[in-house]
Amino acid sequence: KQWYQRRVRGAQRNFYITGISLFLLIVLRTMLSRVSRIARLEANNEAIQKQAVSAGNMNKTLLEENSALKKSSEGKEDLLEEIKQMEELKDQVKAAERKAEQSKADAEAMRKQSENLTMEYDRLLIEHQKLQDTVMPTDKKDE
């Protein structure tokens, strides 16, 4: 009878360990996919920031050219066309800056989400260790 109870306890222990291992596998897989997504978002964010910086520099040079053109050729029709082009470029720069800000916000959100996931994973590891501690002493006493 004791032999049968030991086998049942061993089977139960193995069942719980397997279940917890599968759960941790799912958690790790989810964490890995989120970390890789964060890496892609950060790379995209850096590219957009570089683009925004170059657009800002371009905007400055265009503004300087615009002011120089205004001084040298007041009243010309070409100036009006260039001003229109300048305004279009300013709008493009603003759109690029908004895109960069959105990417920064997305990257920050993903970073916070990753931190929360890591904290949850640590909590689950502690809980898993507690469960193992409660299961293992029972098995050692029986054997």
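Sequence positions are assigned chain by chain, starting from 1 and proceeding in written order. Owing to the predicted nature of the model, reporting of local features is limited to residues with pLDDT of at least 70; listing and counting of side-chain atom pairs is limited to 80 or more, with chain, interface and lining totals taken over all residues. Where side-chain values are given, they derive from all heavy atoms of the structure, hydrogens and water being excluded.

> Pulling in residues and values, what's your account of a nonpolar patch on the surface?
Patch building starts from residues that exceed 30% relative accessible area and form no salt bridge, then joins like charges within 9 Å and nonpolar side chains (Val, Leu, Ile, Met, Phe, Trp, Tyr) within 5 Å. Per-residue and other accessible areas were derived by the Shrake-Rupley procedure at a 1.4 Å probe size, with only the shown protein chains allowed to occlude residues. We define a salt bridge as a contact between a side-chain nitrogen of Lys or Arg and a carboxyl oxygen of Asp or Glu at a distance within 4 Å. On the surface, Trp-3, Tyr-4 and Val-8 cluster together to form a nonpolar patch covering roughly 370 Å² of accessible area. Put simply, DSSP marks the helices as runs of H or I at least four residues long and the strands as runs of E at least two long, and each gets a number from the N terminus on. Within the secondary structure, Trp-3 is located in helix H1 (residues 2–72). Using a relative accessible area of 58% as the deciding quantity, one classes Trp-3 as exposed. Relative accessibility under 20% of the residue-type maximum defines a buried residue, over 50% an exposed one, and the middle range a partly exposed one, all with a 1.4 Å probe and only protein chains included.

> An account of the environment of Asp-133 is needed here, citing residue identities and associated values.
Mapped onto the secondary structure, Asp-133 falls in helix H2 (residues 77–142). Judged by relative accessible area, which is 43%, Asp-133 ranks as partly exposed. Distance in space between the C-alpha atoms of Asp-133 and Glu-120 is 20 Å, their sequence separation being 13 residues.

> Go over the nonpolar core, please, and point to the residues and values.
Nonpolar core, defined: a set of buried Ala, Val, Leu, Ile, Met, Phe, Trp, Tyr and Cys residues in which side-chain atoms within 4.5 Å join the residues together. Ile-20, Leu-24, Val-27, Met-31, Leu-117, Tyr-121 and Leu-124 form the largest nonpolar core, which has seven residues in total. Only H1 and H2 provide two or more residues apiece to this core. Tallying contributions element by element places H1 first for this core, with four residues. For Met-31, the contacting residues outside a window of four places in its chain are Leu-117, Thr-118 and Tyr-121. Here a residue-residue contact requires only that any non-hydrogen atoms of the pair lie within 4.5 Å.

> Describe a negative patch on the surface, listing the residues and the values that go with them.
Working convention for charge: Lys and Arg count positive, Asp and Glu count negative, and His plus the chain ends are omitted. A single reference atom marks each charge: NZ on Lys, CZ on Arg, CG on Asp, CD on Glu. Among the surface-exposed residues, Glu-64, Glu-65, Glu-81 and Glu-82 lie close enough to one another that they form a single negatively charged patch. Elements represented by at least two residues in the negative patch include exactly H1 and H2. Assignment of secondary structure puts Glu-64 in helix H1. With relative accessibility at 54%, the residue Glu-64 sits in the exposed group.

Scope: geometric values only; no functional claims are made or implied.
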